[in-house]
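Each chain, letter by letter, is given below.
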Amino acid sequence: MSLLRKQHSVLPGFGLSLGFTLAYLGLIVLVPLSAAFLKTAGMSWADFVAAVASPRVMAAYRLSFFASLAAASVNAFFGLIVAWVLVRYAFPGKRIVDALVDLPFALPTAVAGIALTAIYAKNGWVGQWLEPHGVKIAFTEIGVFVALTFIGLPFVVRTLQPVLEELQPEIEEAAASLGANRWQTISRVLLPELFPALLTGFALSFARALGEYGSVVFISGNMPMRTEIVPLLIITKLEQYDYRGATAIAVVMLTASFGLLLLINLIQKWSRRHHRV
Amino acid sequence: MAVVVTSTFVKPRLMAEAPLRATQDPRWVRWLLTGTALVFLAFFLLLPLVAVFGEALRRGLGAYFAAVGDADALASVKLTLIAALISVPANVVFGVAAAWCIAKYSFRGKSLLITLIDLPFAVSPVISGLIYVLVFGAQGWLGPWLIEHDVKIIFAVPGIVLATTFVTFPFVARELIPLMQAQGSEEEYAAITLGANGWQAFWRVTLPNIKWGLLYGVILCNARAMGEFGAVSVVSGHIRGETNTMPLHVEILYNEYNFVGAFAVASLLALLALVTLVLKSIVEWRHAQAHAA
Amino acid sequence: MNPRAYCTKFWANTASRYSQCARLIFTQVKKLFSFSFALLAFFFSTFSSAKTIELLNVSYDPTREFYADLNPAFAAHWKAKTGDTLIVKQSHGGSGKQARGVIDGLQADVVTLALAADIDALHEHAQLIPRDWQKRLPYNASPYTSTIVFLVRKGNPKAIKDWGDLVKPGVLVITPNPKTSGGARWNYLAAWAYARRHKGSEADAQKFVGSLYKNVPVLDSGARGSTTTFAQRGIGDVLLAWENEAHLARKEFHAEGYEIIVPSLSILAEPPVCVVDKNVKKKATQAVAQAYLEYLFSNEAQHIAVRHFFRPSSPAIALKYAQHFPQLELVSIDAEFGGWTQAQKTHFADGGVFDQIYAR
């Protein structure tokens, strides 16, 4: 460990890069975000609780949390497969598929919402086949899940892809030459190597889903207590010129996602150390 | 074959074309995984894309090009490109600096710093616009001073650029950090030992090593910068032909029941994302050429 | 393998190859930069070269087509009168959101919003206008009025005639969310006014409106979103809409043959207009902004309003087009609900009657 630290001092540029990082982070993110916190700080405790813990808001937290969790889990699983296939296998049209992955970012969220609604509504391409069997997607919780899965997918794939591409085949060859079968190589050697990136992708896709607004309002139906997401409640507060109430909900969401991201980053740090040693 | 083996070290991409036995999966596994991936993507990505183009072309190519060539649509394209051209390079510089200090050094509070960098992902787009209103708005911290000096931030181009920068803030950094951590610093040490200074080590060793990650970061950052809707919507003011970006213009067209126009502009955004992917392929190809020579 | 030895070899082998690729990337980046600056310069030059007068009209959603027609007419009028070239820029969006924009510094010369409450907010939250702004122009500063009607599917298969039919089981009603849409608040209040007239007490009215919203499968965030849900997605039997929006939807989706049903009673919607004093003073556009709003009350503008299915405020013009606008009992928000501020507080604020309808 001490050897490592000594080696670290060999590389110059720590002060410059950290200084720039902190300054830019402060200017673009922290100062504006602190405005939300300060706005909320002007509220009394009772007002704050009333704003962030009413039954309607609680129902929205539940929906946002579970739909985001489900979407991020599905993305982590299928995203890993997609990234693996894109990096390791050759098949016709691979470049096009690779390009498709960025689509959720490039399409404005509202367009994604409209397109998904057009597909899954009862007269839509897919909806018209599902609705007769009693499966409703648009204007239900499942619709929210579908929209959140759509917007979160690139996070997992694009976080895994460069790491997969940099994986040195020597590791796999070494494992194979030491007698490991393919499955052992993957589960014991490759997956641990990919785990930090996978976790990052999961966390980012989850965090992004929590805050998503544009695509969800079109497909969720916005029914109070049932399919209202948290960002929609922020908008309804703003409609009443209630900036404080709006930022209060935002602060709760922010704190929750911050805690979650921090937890995941700590797990990752721990796993990396664990894995290295 | 031997050439390929060493070359895979620098360019694992070639692996796909000439896989090694130890890294090769049985045929059925390949088929199964590829099939699963394709079916999943078909449902979650291809279908929406087809829907967008289908709607855009519903009234034929004439209507499509009329919608795309409209003066307001072109103004929105211009504004979107400006916002992306400022915010993406800014975030690239930041992302590289942040990844460098996080991956190459150990210091206290590193996890906290990474989490703070992640934070803009978790902020609802509604809020990321609102916070700039709270700072620069007429009722905000700097608002009165800005109005007095006639400086326009929100409801003008700078506000749109700021909101875009905020929303795309973590992309490049987030792409590079796990990559640079996985790579370690041994090659840079080697370079330094061989007499390179810090900048040389960075330009000649680090940058080539992280170029795929950087490229993915730029592509994502760019796609998201162009497609951002919520945050920009709060700070734009929606002045037709002046402060409407492409996503906002899509909303306007949609609200005018001009569905063909709305999806046509949306398809342009999808095409812009594809263009960045084509650029990526060209870089890859040029690299492979230079490599083969 | 000894990593140090390997890296040394690796570094020596690959540096030259990579520097070539890096150079390629960075020439591209350099080109991008110079291109972006050229674009920026072009962008700002288009601003500074404009020497004509500009007005910014911040409006709500359903007036797009109306102002697109009206602005050139006024520009011609203004040119004939003063010789100046005038460009009216438009900004459209949800009424409340637009008001917030102006409060937060959007430099609107005039606001033309859906409800008086949103213009009141400009006084309350930012003192941009005096309290008595609504008295400065005729007819409560509303150049046109509208009301809430029903749009039903071809042949009116569910036989919907009046508000009472909307609470029948099996009738699906499409209306936006009153918490996020100004138009939806008019819908809600119209239903409430009908219920109070026919059922009597406030409690009965609440029950009626409650059972109406039980029949609502989707609450879109805005009025035009609801129209799309009804017309494009084919959801619901009846759409509650502004009269002008219902006509526009019929026109836009003429193939589907939607029909407009006028209920026995509805609400008088008065979308008001106002000059934003503080902004026009700074921009020195006072005279033209005032003239613009006054022009809205001229015969010419009133005719344009009629063309877009708004009910003209001028009695003479209204009489002339009486056959275009079916007669029905219209209640006003001031008489029935004690004004917008009161209605907002009772019905739509957090914990208000609308929230109680959905509370479990």
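Just so it is clear, the model here is predicted, and its values are computed rather than measured.

On to the overall build of chain A. Within chain A, the regular secondary structure consists of 14 helices and zero strands. The order of α-helices and β-strands along chain A, N terminus first, is α-α-α-α-α-α-α-α-α-α-α-α-α-α. For the C-alpha atoms alone, the extent of chain A along its principal axes is close to 65 × 55 × 25 Å. Counting across all 277 residues of chain A, residues that qualify as buried make up 60%. Long-range pairs, those at least 24 residues apart, make up 75% of the contacts in chain A with a sequence separation of at least 6. Surface summary for chain A: the accessible area is close to 10,700 Å², and the carbon and sulfur share equals 70%.

From N to C terminus, chain B includes 15 helices and zero strands. Along the longest, intermediate and shortest principal axes, the C-alpha atoms of chain B span 65 × 50 × 35 Å. The buried share among the 293 residues of chain B stands at 66%. Sequence separation of 24 or more characterises 70% of the internal contacts of chain B that already satisfy a separation of 6 or more. For chain B, the exposed area adds up to about 10,200 Å²; of that, 67% sits on carbon and sulfur atoms. Measuring between centres, the 19 positive side-chain charges of chain B sit 10 Å from its 17 negative side-chain charges.

This part takes up the interface of chain B and chain A. Taken together, the contact pairs 106 residues of chain B with 110 residues of chain A. Where chain B abuts chain A, roughly 10,000 Å² becomes buried across the two surfaces, and 76% of that area is made up of carbon and sulfur atoms. Joining chain B to chain A, the criterion identifies 14 residue pairs in polar contact (both at pLDDT 80 or more). The element that contributes the greatest number of residues to the side of chain B that touches chain A is helix α3 (residues 27–56) of chain B, accounting for 19 residues. Each residue belonging to the side of chain B that touches chain A can be placed in one class, and the counts come to 76 nonpolar, 19 polar and 11 charged.

What follows concerns a nonpolar patch on the surface. A cluster of nonpolar side chains, namely V31(A), L38(A), W141(B) and L142(B), defines an oily patch on the protein surface of about 380 Å² accessible area. As for its position among the elements, W141(B) is in the loop between α7 (125–136) and α8 (143–148). By relative accessible area, W141(B) is classed as partly exposed at 44%.

Residue and element names in this part refer to chain C. Throughout the structure, instances matching the rule amount to 49 aromatic pairs over all chains. Judged by centre distance (4.8 Å) and plane angle (65°), the ring pair of Y188 and F348 falls under edge-to-face. Here Y188 is found in helix α5 (residues 182–199), whereas its partner F348 is found in helix α14 (residues 340–348), with 160 residues between them in sequence. Since its relative accessible area comes to 0%, Y188 is described here as buried.

What follows concerns the pairing of strand β5 (residues 148–152) of chain C. Residue and element names in this part refer to chain C. Extensive coverage of β5 is indicated by the burial of five of its five residues. Where burial is concerned, the two faces of β5 agree: the one with I148, F150 and V152 and the one with V149 and L151 are both buried. Sheet topology places β5 next to strand β7 (residues 238–242); five bridges connect them, and they run antiparallel. Looking across to β7, one finds that I148 is bridged to W242. Sheet topology places β5 next to strand β8 (residues 259–261); three bridges connect them, and they run antiparallel. Across the sheet, residue F150 finds its bridge partner in β8, namely I261.

Let us look at the packing of helix α3 (residues 95–103) of chain C against helix α4 (residues 116–126) of chain C. Residues and elements named next belong to chain C. Viewed as axis vectors pointing N to C, α3 and α4 meet at an angle of 30°, and their least axial separation amounts to 9 Å. Between α3 and α4, the crossing angle belongs to the class labelled roughly parallel. When you trace α3 past α4, the crossing you get is right-handed. Seen from α3, the contacting residues are S95, G96, A99, V102 and I103; seen from α4, they are D118, A121, L122, H125 and A126.

The interface is formed by 26 residues belonging to chain A together with 32 residues belonging to chain C. Our count for the chain A to chain C interface comes out at four salt bridges. D355(C) is the partner of R56(A) in a salt bridge, and the nearest nitrogen-oxygen pair spans 2.4 Å. Where chain A touches chain C, the interface holds 11 residue pairs in polar contact (both at pLDDT 80 or more). Broken down by secondary-structure element, the contributors of at least two residues to the side of chain A that touches chain C are α7 (109–120) and α13 (230–239) of chain A. Top contributing element to the side of chain A that touches chain C by residue count: α13(A), with six residues. Of the residues that constitute the side of chain A that touches chain C, the class distribution is 13 nonpolar, seven polar and six charged.

Moving on, we get to the confidence of the model for chain A. Confidence in the prediction for chain A averages 86 pLDDT; 95% of positions are at 70 or higher. Here residues 1–7 of chain A is modelled with pLDDT under 50, and outside its nearest four sequence neighbours on either side it reaches three contacts, counting other chains as well.

Okay, the nonpolar core next. Counting 297 residues, the largest nonpolar core has V111(C), W163(C), Y188(C), Y213(C) and W340(C) as the members making the most contacts within it. Once you skip the residues sitting within four places of it in the chain, W340(C) turns out to touch L115(C), A116(C), A117(C), R185(C), W186(C), L189(C), I333(C) and F348(C). Among the nonpolar cores identified, the runner-up in size contains 10 residues, and V161(B), F229(B), V232(B) and L248(B) belong to it.

With that settled, consider the sheet that holds strand β3 (residues 110–112) of chain C. All names here are of chain C. Taking strand neighbours across the sheet as the criterion, the four strands line up as β2-β1-β3-β10 in an open arrangement whose pairing is mixed. The two strands at the open ends of the sheet, each matched to only one other strand, are β2 (86–93) and β10 (273–275). Pairs of neighbouring strands in the sheet enclose a mean axial angle of 20°, with direction left out of account. Sheet topology places strand β1 (residues 53–60) next to β2; eight bridges connect them, and they run parallel. If you follow E54 over to β2, its bridge partner there is I87. The strands touched by helix α10 (residues 286–296) within the sheet are β1, β2, β3 and β10, with β10 carrying the most contacts at an inclination of about 160°.

Turning to its location among the elements, I127(B) is positioned in helix α7. As a C-alpha pair, I127(B) and V29(B) span 98 residues in sequence and 44 Å in three-dimensional space.

The next subject is helix α14 (residues 246–255) of chain B. Each α-helix winds once per 3.6 residues, and so residues spaced three or four apart point in a common direction. All names here are of chain B. The buried fraction of α14 amounts to nine of the 10 residues, a majority that puts the element mostly inside the structure. Within α14 the residues assigned to the buried category are M246, P247, L248, H249, V250, I252, L253, Y254 and N255. Backbone geometry just downstream of α14 places Y257 in the positive-phi region, at approximately 60°.

Here the focus is α4(C). Residues and elements named next belong to chain C. Most of α4 sits inside the fold, with eight of its 11 residues counted as buried. All of the buried residues along α4 are A116, A117, D118, I119, A121, L122, H123 and A126. Those residues of α4 hidden inside the fold are in contact with α3, β3, β10, α9 (277–283) and α14. At the exit of α4 stands Q127, carrying a positive phi of roughly 50°.

All names here are of chain C. The strand order β6-β7-β5-β8 describes an open sheet built from four strands, whose pairing is mixed. With one partner strand each, in any of the chains shown, β6 (173–174) and β8 form the two edges of the open sheet. Sheet topology places β6 next to β7; two bridges connect them, and they run parallel. If you follow V173 over to β7, its bridge partner there is V238. Each of β5 and β7 touches α5; the most contacted strand, β7, lies at about 110° to it.

Parameters at a glance
- Residues numbered from 1 in each chain as written.
- Chains lettered and ligands numbered in written order.
- Predicted model: local features only at pLDDT ≥ 70, side-chain atom pairs only at ≥ 80, totals over all residues.
- Heavy atoms only, no water.
- Helix = DSSP H or I, 4+ residues; strand = E, 2+ residues; numbered from the N terminus.
- Buried < 20%, exposed > 50% of the residue type's maximum accessible area, 1.4 Å probe, protein only.
- Contact = heavy atoms within 4.5 Å.
- Areas by Shrake-Rupley, 256 points an atom, 1.4 Å probe, with all protein chains shown as cover.
- Lys, Arg positive; Asp, Glu negative; His and termini not counted.
- Charge placed at Lys NZ, Arg CZ, Asp CG, Glu CD.
- Buried area = accessible area lost by both parts, 1.4 Å probe.
- Polar contact = N/O pair within 3.5 Å; in protein donor to acceptor, adjacent residues only side chain to side chain.
- Nonpolar A, V, L, I, M, F, W, Y, C, P; charged D, E, K, R; others polar.
- Patch = residues over 30% accessible without salt bridge, like charges linked within 9 Å, V, L, I, M, F, W, Y side chains within 5 Å.
- Salt bridge = Lys/Arg side-chain N within 4 Å of Asp/Glu carboxyl O.
- Phe/Tyr/Trp six-rings, centres within 6.5 Å; stacked < 30°, edge-to-face > 60°.
- Pairing = 2+ DSSP bridges.
- Axes fitted to C-alpha atoms, helices over the stretch in contact; angles between N-to-C directions.
- Parallel < 35°, antiparallel > 145°, perpendicular 65-115°, else oblique.
- Left-handed = near helix turned anticlockwise from the far one by under 90°.
- pLDDT = per-residue confidence, 0-100.
- Core = buried A, V, L, I, M, F, W, Y, C linked by side-chain atoms within 4.5 Å.

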